Amino acid sequence: MVGLIIVATDAPVVVLDFLAGQAELLLCLLRNMHGQISLHVFELVSGTCSFGLKAMGESNLSSGKVKLIMKFLLMLQLLAVENILDRGSLAGASDIESVEAFGEVSNTCLAILPILCSCSVISDLSILSLTTVDLILRRCLAPSTWFPIIHEHIQMQQIMMSLKDKTYAKSISEILKFLLTLGRVRGGAEMVLASGFLSSLKVLFADVSDSMLCSTDPFEKSPSADDVEKPHYTWGLGVAVLTAIICSLGGNPCIIDILDSIVPFFFSEKAYLISYHLSAPDFLADQNDRNRTQFQKRLVSLSGLRETEHTLTLICVLANHRNYWNKAMKEVESELRERSIHLLAFISRGNLYIGESLAQTFPFRCPPMNKEEIDCCKKPAFVSSKSGWFALAPLACFQHAELSSESMKTTAFVMKDLPIRRVDTGTPTHFSDSVAVQIYRIAFFLLKFLCLQADNAARKSAELGFVDLSHFPELPMPDILHGLQDQAIAIVSELSGANKSEQMEEENKGLCLLLLEVTEMALYLELCVLQICGIRPVLGRVEDFSKEIKSFFRVTETHAFLKPSVKHLKQIISSVYPGLIQSEAIW
């Protein structure tokens, strides 16, 4: 094929047709290999694509056939990168498992980056190029190796123009994903910021309306072409990029300028979107909140839950800048706390819903909304817990829309008027577990925000020498915190007990560590409430918690990765329930 490319750079259309056919044939062959691609094949494909893209890009031919050939070559390169990286998760894969082989993959990917960057300025090829570059940056290379190349070859102004271009509406998420990867590196964050990202984001969010996020009846009508082409996930990904930039820049003096620009925009102009993403499913919107009463019947989606997490992450990052927060957020922080506590209470009540008739009383529905999520419903659960939201999520995901072949091609997370069929309401799936994990991630950031607020108030009290209750932040009631503690302890105990004699899966390890942090923060907030109100834990709660925690420590002691977190947990428990430390059986 390389010989044909050389000829095609100065050849009649018939040669271009033949070359396009060969490129498409290679693409079909690679697709039919179902991920079984060797390192040698990957290097051959990458070398061919690299040479072809460079030759076609530098040729004087203006035929549409040239762009078609380049499109096939980019698709071929993307598929090759996906396949070689996914081999690590396939049985029998050996090449990618070795450090040497992965080093060869990295070197090959590093060599094609400049060519991919040059293709990103071609309108019909930019999204394919950026998607491939983003995959390589995230999974193949360390920032110290890829950043100098990206800094030299990528055209950031062109990317920012694409964010504002309506013709890129269906590809906004791919552009934002690339910017998110770039924004997680300090130099990349500076590049994104210097290219005018903040102004581009404001223009982009000007088109994000509440009608895109919710409706009174999500199944009221069929999706129109305009609905399908709207930039779904725009809010969550845009907020995630912004959060990554702030975190990467750290103590850079320009942070204040960024905050001065975004805080009024997000918490004044777009305050209703912040409120929307902090609303529990059964939360009734204030009639004065721009009359958005449709929030009352919001259909929850997995992507919507992820956008809530992104919103909370931004709030937590802003709250970490205490001096600025205290000055700029006085008008809105009380409402943020109230909504956070309300959403936390909904999550805490999860156990109470188990056993109820979902169709009649349960306010939470989270059916799969696209082909990928429906496919996840066919996969087995990866957590396999019967506690907390892992028991409840299968009930909340009890129905889904049968998508047509056309709708499966879209990325819309709200589908309307699609035929509904019921599925097994009691069987956990990969999708229901994903929903449950996402709910606990939201709980983590809600608790983190409230802990930051409590820490800030405690610091002010220490400076004053007394606790000013009139200015102390709202905190969750103890029963809300108890519900979260009970769920987290039960799930970690269950997973630890089920994996006593074998290595726990990495996903479950991450979940256990997350839930231990949830428990620790819930205990810390309970301690704040007890000390401020001058009360002691209820005797019945002490007895129940004592039984739970004894069993918890017993089943977790064999898992070394939990020991640091358990140590911290014991310290906060000794402060909240000092009487328990007298029982040597616990410690």
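Anything mentioned here points back to the structure above.
Quick look at the structure, then. (Residues numbered from 1 in each chain as written. Predicted model: local features only at pLDDT ≥ 70, side-chain atom pairs only at ≥ 80, totals over all residues. Heavy atoms only, no water.)

## Let's talk about the overall build of the protein
Across its full length, the protein holds 28 helices and two strands. Long-range contacts, defined here as pairs at least 24 residues apart, represent 80% of the contacts in the protein between residues at least 6 apart. As displayed, the protein offers around 26,500 Å² of accessible surface, 54% of which is attributable to carbon and sulfur atoms. (Helix = DSSP H or I, 4+ residues; strand = E, 2+ residues; numbered from the N terminus. Contact = heavy atoms within 4.5 Å. Areas by Shrake-Rupley, 256 points an atom, 1.4 Å probe, with all protein chains shown as cover.)

## Section: the pattern of salt bridges
All chains considered together, the criterion is met by 12 salt bridges. Across the pair Lys67 and Asp124 runs a salt bridge, and its minimum N-O distance is 3.5 Å. In this pair, Lys67 is assigned in helix H4 (residues 64-86) and Asp124 in the loop between helix H5 (99-119) and helix H6 (126-139), connecting sequence segments 57 residues apart. The exposure class assigned to Lys67 is partly exposed, which follows from its relative accessible area of 34%. Taking the relative accessible area as the measure of exposure, Asp124 reaches 54% and is therefore exposed. Its salt-bridge partner being Asp486, residue Arg541 comes within 3.0 Å of it at the nearest N-O pair. Highlighted residues: Arg541 in helix H27 (residues 539-556) and Asp486 in helix H25 (residues 478-498), separated in sequence by 55 residues. Asp486 gets classed as partly exposed once you look at its relative accessible area, which sits at 22%. (Salt bridge = Lys/Arg side-chain N within 4 Å of Asp/Glu carboxyl O. Buried < 20%, exposed > 50% of the residue type's maximum accessible area, 1.4 Å probe, protein only.)

## Brief notes about a nonpolar patch on the surface
On the surface, a nonpolar cluster with roughly 260 Å² of combined accessible area is contributed by Leu25, Leu26 and Leu29. Tracing the sequence through the fold places Leu29 in helix H2 (residues 13-31). (Patch = residues over 30% accessible without salt bridge, like charges linked within 9 Å, V, L, I, M, F, W, Y side chains within 5 Å.)

## Points about the packing of helix H8 (residues 156-164) against helix H9 (residues 172-183)
Relative orientation of the contacting elements H8 and H9 amounts to 140 degrees, with a least axis distance of 10 Å. Between H8 and H9, the angle falls in the class oblique. As for how H8 packs across H9, the hand of that crossing is left-handed. Only Ile172, Ile175, Leu176, Phe178, Leu179 and Leu182 of H9 make contact with H8, whose side of the interface consists of Met156, Ile159, Met160, Ser162 and Leu163. Residues belonging to the contact of H8 with H9 are distributed by class as follows: 10 nonpolar, one polar and no charged. (Axes fitted to C-alpha atoms, helices over the stretch in contact; angles between N-to-C directions. Parallel < 35°, antiparallel > 145°, perpendicular 65-115°, else oblique. Left-handed = near helix turned anticlockwise from the far one by under 90°. Nonpolar A, V, L, I, M, F, W, Y, C, P; charged D, E, K, R; others polar.)

## Points about the state of the cysteines
A covalent bond between the sulfur atoms of two cysteines is what we call a disulfide. In this structure the tally under the stated criterion is zero disulfides. Free of any disulfide, Cys528 has its nearest neighbouring cysteine sulfur in Cys451, separated by 7.1 Å. You can call Cys528 buried: its relative accessible area is 10%. (Disulfide = S-S within 2.5 Å.)

## Some remarks on the packing of aromatic side chains
Under the definition given, this model contains 11 aromatic pairs. Both rings, one in Phe205 and one in Phe266, keep their centres 5.9 Å apart while their planes meet at 85 degrees; by these two values the pair is edge-to-face. Remark: Phe266 occurs in helix H15 (residues 254-269) and Phe205 occurs in helix H11 (residues 197-205); sequence separation between them is 61 residues. Across this residue pair, the class does not change: Phe205 and Phe266 are buried. Ring centres of Phe265 and Phe266 lie 5.5 Å apart, and the angle between their planes is 90 degrees; this geometry places the pair in the edge-to-face category. (Phe/Tyr/Trp six-rings, centres within 6.5 Å; stacked < 30°, edge-to-face > 60°.)

## Re helix H28 (residues 563-576)
End to end, H28 covers 20 Å across 14 residues, agreeing with the expected 20 Å (1.5 Å per residue, within 8%). Burial in H28 covers these residues: Ser565, Val566, Leu569, Ile572, Ile573 and Val576. Seen from one end, H28 has its buried residues packed into an arc of 125 degrees, which puts them on one side. Residues of H28 that are exposed and point over 90 degrees away from its buried face: Lys563, Pro564 and Lys567. Where H28 is buried, its residues meet helix H26 (506-533) and H27. (Expected span 1.5 Å × (residues − 1). Arc of directions from axis to C-beta.)

## Concerning the nonpolar core
Counting residues in hydrophobic clusters, the biggest one holds 180 residues, and the most contacted among them are Leu179, Phe197, Ile246, Ile262, Phe266, Phe267 and Leu336. It is helix H24 (residues 430-464) that provides the largest number of residues to this core, a total of 18 residues. With residues near it in sequence (within four places) discarded, Ile246 still touches Ile255, Ile258, Leu259, Ile262, Leu314, Val317, Leu318 and His321. (Core = buried A, V, L, I, M, F, W, Y, C linked by side-chain atoms within 4.5 Å.)

## Let's talk about the packing of helix H19 (residues 333-348) against H25
Geometrically, a packed helix pair is captured by the angle between its two axes and the distance between the axes. H25 packs onto H19 with a crossing angle of 45 degrees between their chain directions and a minimal axis gap of 8 Å. Between H19 and H25, the crossing angle belongs to the class labelled oblique. When you trace H19 past H25, the crossing you get is left-handed. Contacts between H19 and H25 involve Ile341, Leu344, Ala345, Ile347 and Ser348 from the first element and Asp479, Ile480, Gly483, Leu484 and Gln487 from the second. In the contact of H19 with H25, the residues fall into six nonpolar, three polar and one charged.

## Digging into unusual backbone geometry
Here the phi dihedral of Ser384 falls at roughly 55 degrees; this positive angle occurs in a residue that is not glycine. Checked against the element boundaries, Ser384 lands in the loop between helix H22 (371-377) and helix H23 (388-396).

So, to be careful, I would describe these as geometric facts and stop short of saying anything about function.
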